[in-house]
Amino acid sequence: MDKKGIIFFVGILVIVLILVGCGKEDVATDERQNVKETEKKEKKVEEDKNEKEEKIDNSKKEKEENNDKDVKIGIPSPLSGLYAKEEKVNRRPVAVMIDNHPRARWQAGISQAEIVYEFPVEGTYTRYMAIFLINDPSHIGPIRSSRPYFVSSLLEYDPVYVRVGGSEAAKRDVRNLNVADIDGLSSSKAVFKRYYKTNKKAPNNMYSTMDIIRKTQKERGYKLTGDYKGFKFYDKDTDIVGNSAKDVVIRYNKDNTTEYKYDNKEKIYKRYKDGKLHIDELDNKTLKVKNILIQKAKTTVIDSEGRLAIDIIGSGKGKYITNGSIVDITWKKKTRRSKTIYYDKEGTELKLNPGITWIQVLPNNGQIEIKK
């Protein structure tokens, strides 16, 4: 091979070696990039896994803290099973007569009562008695007069009784039974006021506040704690085994109905009165109810004014409604001061779900319509 041939061969060899080296470098580079991308993906998967586990841990921790908080904030109220500060739970209940005449609606503070009774009164009307313990509404009312059957019910709670007058029989009962009474007809204007930013007129415009009521309780030397028996409650929210009751209509008469519509999401009933959504005058929020007790009782007109005698001492039948279901119950009350006990079909004292309870006292001929 001549000199030119040798030079040409060496040149070709150099080029080949360069190309081979570049190829190897490209392959190495690609391999390094693949390794980096794989490591990056694995790191991302690991980070996502850790983040997910952290969220689960935080969720568990938050749930445990909330559960722990529920236990630590106080003790359960004997009226509702709801937890509150011990000093509030241990004080004396307050029973307030609340007007339900159409001209009195809507009422203030009633959503903060733990138990509310609805009884028929004269004519086509009903009236409420609200039992307060753990809450202190800034305004309560309109406050109205008493009847003997309200007295028989309130005696179960040994409360301070807030009213504005009453039938002669009711006034005698309050005196003779030594009820811790705060009457708007004999109390100063500092206790009862015809106000609270409404256009209501007498007798549908009398209000008070829980702070004033508690202050008056102390000033009059009424004891600060009550002697009474509360309800039994489930430890946690419990579905009862019964028929479906998503919409409950209670007819006191053709002109007076109470309706409860079930909210599946919140597991409570929204309350309606005479076809209108029942709201609290304080904040315009809907009244929400956990338990509904329907208590049927013999009801008789006893005078020309249409006043009633309602036999709530003795026994009778009724219904318990909660969490979208309804069951038959019975009730017994031995004396005026004794607790009304509600029993399930097995004859065992009824347990309620923790929450607000409305007790609908209904004449034996009152109608109950259940819409499934």
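Here, every reference points to the structure presented above.
Residues numbered from 1 in each chain as written. Predicted model: local features only at pLDDT ≥ 70, side-chain atom pairs only at ≥ 80, totals over all residues. Heavy atoms only, no water.

Caption draft 1: Broad picture of the overall build of the protein chain. Helices and strands together make up the secondary structure of the protein chain, namely 5 helices and 23 strands. Within the protein chain, the proportion of its 372 residues that are buried is 45%. When contacts within the protein chain are restricted to residue pairs at least 6 apart in sequence, long-range pairs at least 24 apart make up 63% of them. Element-wise, carbon and sulfur atoms account for 51% of the exposed surface of the protein chain, whose accessible area totals about 20,600 Å². (Helix = DSSP H or I, 4+ residues; strand = E, 2+ residues; numbered from the N terminus. Buried < 20%, exposed > 50% of the residue type's maximum accessible area, 1.4 Å probe, protein only. Contact = heavy atoms within 4.5 Å. Areas by Shrake-Rupley, 256 points an atom, 1.4 Å probe, with all protein chains shown as cover.)

Caption draft 2: Highlighting helix H4 (residues 168-176). Every buried residue belonging to H4 is among Ala170, Asp173 and Val174, and all of these are buried. Taken end-on, H4 shows its buried residues confined to a sector of 100°, consistent with a single buried face. Of the exposed residues in H4, those oriented more than 90 degrees away from the buried face are Glu168, Arg175 and Asn176. Next to the buried residues of H4 lie helix H3 (148-154), strand S6 (160-163) and strand S7 (180-183). Downstream of H4 by one or two residues, Asn178 has phi in the positive range, about 55°. (Arc of directions from axis to C-beta.)

Caption draft 3: Representation of the packing of aromatic side chains in the model. Under the criterion given, the structure shown has 9 aromatic pairs. Ring geometry for Tyr117 and Tyr157: centres 6.3 Å apart, planes at 70°, overall edge-to-face. Residue Tyr117 is located in strand S4 (residues 115-120), and its partner Tyr157 is located in the loop between H3 and S6; the two are separated by 40 residues in the primary sequence. Aromatic side chains Tyr262 and Tyr269 sit 4.9 Å apart centroid to centroid with 50° between the ring planes, which places their arrangement in the tilted category. On the basis of relative accessibility, which here comes to 13%, the residue Tyr262 falls in the buried class. Linked through ring pairs, Tyr117, Phe119, Tyr149, Phe150 and Tyr157 together constitute an aromatic cluster. Over the face of the ring belonging to Tyr272 we find Lys261, whose NZ or CZ atom lies 4.7 Å from the ring centre. Geometry around Phe231 places Lys339 over its ring, the cationic atom sitting 3.5 Å from the centre. (Phe/Tyr/Trp six-rings, centres within 6.5 Å; stacked < 30°, edge-to-face > 60°. Lys NZ or Arg CZ within 6 Å of the ring centre and 35° of its normal.)

Caption draft 4: How the structure looks around the environment of Thr238. Along the chain, the position of Thr238 falls in the loop between strand S8 (232-233) and strand S9 (243-244). Thr238 sits in the partly exposed class, given a relative accessible area of 21%. The spacing of Thr238 and Leu352 is 114 residues in sequence and 8.7 Å in space, taken between C-alpha atoms. If sequence neighbours within four positions are ignored, Thr238 has contacts with Asn323 and Asn353.

Caption draft 5: Representation of the pairing of strand S3 (residues 94-98) within the structure. S3 sits mainly inside the fold: 5 of its 5 residues count as buried. Of the two faces of S3, the one holding Val94, Val96 and Ile98 and the one holding Ala95 and Met97 are both buried throughout. Pairing between S3 and strand S5 (residues 126-132): 5 bridges, direction antiparallel. Each residue of the ladder has a partner; that of Met97, found in S5, is Met129. Taken together, the 3 bridges between S3 and S6 define a ladder with parallel strand orientation. Looking at S6, one finds that Val96 is bridged to Val162. (Pairing = 2+ DSSP bridges.)

Caption draft 6: Examining the nonpolar core more closely. Judged by nonpolar contacts, the single largest core of 40 residues is most densely connected at Tyr117, Met129, Tyr157, Tyr161, Phe231, Leu293 and Ile359. Counting only elements with at least two residues in this core, the list comes to S3, S4, S5, H3, strand S15 (291-297), strand S17 (308-310), strand S19 (325-333) and strand S22 (357-363). The element best represented in this core is H3, accounting for 4 residues. When neighbours within four sequence positions are excluded, Ile359 is seen to be in contact with Ile115, Val116, Tyr117, Glu118, Tyr157, Phe231, Leu293, Gln295 and Tyr342. (Core = buried A, V, L, I, M, F, W, Y, C linked by side-chain atoms within 4.5 Å.)

Caption draft 7: Highlighting the pairing of strand S10 (residues 247-253). Within S10, 5 of the 7 residues are buried, which leaves it mostly tucked inside the rest of the structure. Sheet topology places S10 next to strand S11 (residues 256-263); 6 bridges connect them, and they run antiparallel. Across the sheet, residue Asn253 finds its bridge partner in S11, namely Asn256. Hairpin connection of S10 to S11: 2 residues between the antiparallel strands. Across 5 bridges, S10 lies against strand S23 (residues 367-371) in antiparallel orientation. Directly across from Ile250, in S23, lies its bridge partner Ile368.

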